[in-house]
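# Tertiary structure, described
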Amino acid sequence: MTNSILLPLLGGALIGLSASLLLWANGRVAGISGIVGSVLAPIRGDVAWRLVFFGGLLTGGLLLVWLRPGAFGAPASLGSSGIALLAAAGLLVGFGSRLGNGCTSGHGICGISRGSVRSIVATLTFMATGALTVFLARHVF
Amino acid sequence: MRPLISAFLSGLLFALGLGLSGMTDPANVLGFLDIAGDWDFRLAFVMVGAIAVHAALRPLIHRRERPLYAPKFPTFSVTAVDSKLLVGSALFGVGWGLGGYCPGPALTSLATGASQLLVFVPAMFAGMYVAQVVQARSGASARSASLGVTPHP
């Protein structure tokens, strides 16, 4: 039990450090959907750091592929129904996170860390609809 | 240059944290959301670890008058729980439950080049774009900065 929660705790601590570094140095909230989404409506002088942050994510991803390939789960083939499902999932995640002004990182970590009521409500909301969706997909349909 | 280095390091740390914690495996995420089934509670501790560290460091950071490389800390103009927040978060959760990916893990996992991400990530950007166009048309863009992700005047 302690063993199984050690890596989530440690990984979470790194995410907390990352958010703290970005706030301390850049004065920015580490909300991923906001950081990358704002690139789609670029403001002069406010694009480079977002792209570089994205580059950092990808570089971290490459390091993980190299050092810890199991982190990405078992490779699976993708059928046509899987493509439709993932496309719908992506659209909803992108649309919803921008409309709701944040996702798991911006609301779930940064917002809750500063005690924002909006973020607490948002986090409870997406946890609830996420759990409901999995419940329907796995246990009903 | 230095603010770009810190932004890069922040992104790098974020990705490593996601990978180490198990967030980049959608099977873990769906297991965490499957409360009514064989609930895998482990990912709850990602939030515990992240919030503990960030909530502890925030007051220390805010002792400074301003960030190291920026004129001011983010401010949060919108404080009310409104329908946009609720509807947006609800839709986001449905997408999260369908695919097992939220934005951070999806972008980190793009490094694998797996076909799942080549479908999910472009769709996610399309969804973000649509949301931004819809909000700009409704004139709400000026107050869409509640998370401080757009610069304040």
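### Details of the overall build of chain A
The helix and strand inventory of chain A stands at six helices and zero strands. Of the regular secondary structure in chain A, the N- to C-terminal order runs α-α-α-α-α-α. Each principal axis of the C-alpha distribution contributes one length, and for chain A these read about 45 × 35 × 30 Å. Among the 141 residues that make up chain A, the fraction classed as buried is 53%. Relative to all contacts within chain A whose residues are 6 or more apart in sequence, the contacts with residues 24 or more apart total 34%. Surface summary for chain A: the accessible area is close to 5900 Å², and the carbon and sulfur share equals 74%.

### What about the confidence of the model for chain A?
Put simply, chain A has an average pLDDT of 95, and 98% of its residues get 70 or more. The least confident element of chain A is helix H1 (residues 2–26) of chain A, whose mean pLDDT is 94; the most confident is helix H3 (residues 48–67) of chain A, at 98.

### Quick look at the pattern of salt bridges
This model, assessed by the stated rule, comprises five salt bridges over all chains. The shortest N-O distance in the salt bridge between Arg-50 of chain A and Asp-46 of chain A comes to 2.7 Å. The two residues Arg-50 of chain A and Asp-46 of chain A agree in class, both being buried. Notably, a salt bridge pairs Arg-138 of chain A with Asp-34 of chain B, separated by 3.1 Å at the nearest N-O pair. Placement of the pair is Arg-138 of chain A in helix H6 (residues 117–140) and Asp-34 of chain B in the loop between helix H2 (26–33) and helix H3 (44–61), with the two residues belonging to separate chains. Judged by its relative accessible area of 43%, Arg-138 of chain A falls in the partly exposed class. Salt bridges linked by common partners bring Arg-28, Asp-46 and Arg-50 of chain A together as one network.

### Description of the interface of chain B and chain A
Where interface size is quoted, it is often the accessible area lost as the parts come together. At the junction of the two partners, chain B supplies 107 residues and chain A supplies 107 residues. Between chain B and chain A lies a buried interface of about 9600 Å² when both sides are counted; carbon and sulfur atoms form 76% of it. Applying the counting criterion to the chain B and chain A interface returns two salt bridges. Counting every contact that joins chain B to chain A gives 18 residue pairs in polar contact (both at pLDDT 80 or more). Those elements that place two or more of their residues in the side of chain B that touches chain A are helix H1 (2–21), H2, H3, helix H4 (83–99), helix H5 (103–109) and helix H6 (115–137) of chain B. With 18 residues, the top contributor of residues to the side of chain B that touches chain A is H1 of chain B.

### So, the confidence of the model for chain B
Taken residue by residue, chain B gives an average pLDDT of 92. The fraction at 70 or more is 91%. Predicted confidence for residues 141–153 of chain B stays below pLDDT 50, and this span has 41 contacts to residues more than four positions away or in other chains.

### Some points on unusual backbone geometry
Located in the positive-phi region is Asn-101 of chain A, a residue other than glycine, with phi close to 60°. The exposure class assigned to Asn-101 of chain A is buried, which follows from its relative accessible area of 5%.

### Quick word on H6 of chain B
For H6 of chain B, with 23 residues, the first-to-last C-alpha span of 34 Å sits near the 33 Å given by 1.5 Å per residue. Positioned one or two residues after H6 of chain B, Gly-139 of chain B has a phi angle of 75°, which is positive.

### Digging into the packing of H6 of chain A against H4 of chain B
Viewed as axis vectors pointing N to C, H6 of chain A and H4 of chain B meet at an angle of 40°, and their least axial separation amounts to 7 Å. Here H6 of chain A runs over H4 of chain B; the crossing is right-handed. Contacts between H6 of chain A and H4 of chain B involve Arg-118, Val-121, Ala-122, Thr-125, Phe-126, Met-127, Thr-129, Gly-130, Thr-133 and Val-134 of chain A from the first element and Leu-85, Leu-86, Ser-89, Ala-90, Phe-92, Gly-93, Val-94, Trp-96, Gly-97 and Leu-98 of chain B from the second. Partitioned by chemical class, the residues of the contact of H6 of chain A with H4 of chain B number twelve nonpolar, seven polar and one charged.

### Points about a nonpolar patch on the surface
A contiguous nonpolar patch, built from Leu-132, Phe-135, Leu-136, Val-140 and Phe-141 of chain A and spanning about 510 Å² of accessible area, is present on the exposed surface. By secondary structure assignment, the location of Phe-135 of chain A is in helix H6.

### Considerations on the environment of Thr-24 of chain B
Along the chain, Thr-24 of chain B falls in the loop between H1 and H2. Relative accessible area serves as the criterion here: at 0%, Thr-24 of chain B is assigned to the buried category. Residues Thr-24 of chain B and Pro-3 of chain B, spaced 21 residues apart in sequence, show a C-alpha to C-alpha distance of 27 Å. The residues contacting Thr-24 of chain B, other than those within four sequence positions of it, are Ala-71 and Phe-72 of chain A together with Leu-18, Gly-19, Tyr-101, Pro-105, Thr-108 and Ser-109 of chain B. Of the polar contacts made by the side chain of Thr-24 of chain B, one reaches the backbone oxygen of Ala-71 of chain A; its length is 2.8 Å.

Rules used throughout
Residues numbered from 1 in each chain as written. Chains lettered and ligands numbered in written order. Predicted model: local features only at pLDDT ≥ 70, side-chain atom pairs only at ≥ 80, totals over all residues. Heavy atoms only, no water. Helix = DSSP H or I, 4+ residues; strand = E, 2+ residues; numbered from the N terminus. Buried < 20%, exposed > 50% of the residue type's maximum accessible area, 1.4 Å probe, protein only. Contact = heavy atoms within 4.5 Å. Areas by Shrake-Rupley, 256 points an atom, 1.4 Å probe, with all protein chains shown as cover. pLDDT = per-residue confidence, 0-100. Salt bridge = Lys/Arg side-chain N within 4 Å of Asp/Glu carboxyl O. Buried area = accessible area lost by both parts, 1.4 Å probe. Polar contact = N/O pair within 3.5 Å; in protein donor to acceptor, adjacent residues only side chain to side chain. Expected span 1.5 Å × (residues − 1). Axes fitted to C-alpha atoms, helices over the stretch in contact; angles between N-to-C directions. Left-handed = near helix turned anticlockwise from the far one by under 90°. Nonpolar A, V, L, I, M, F, W, Y, C, P; charged D, E, K, R; others polar. Patch = residues over 30% accessible without salt bridge, like charges linked within 9 Å, V, L, I, M, F, W, Y side chains within 5 Å.

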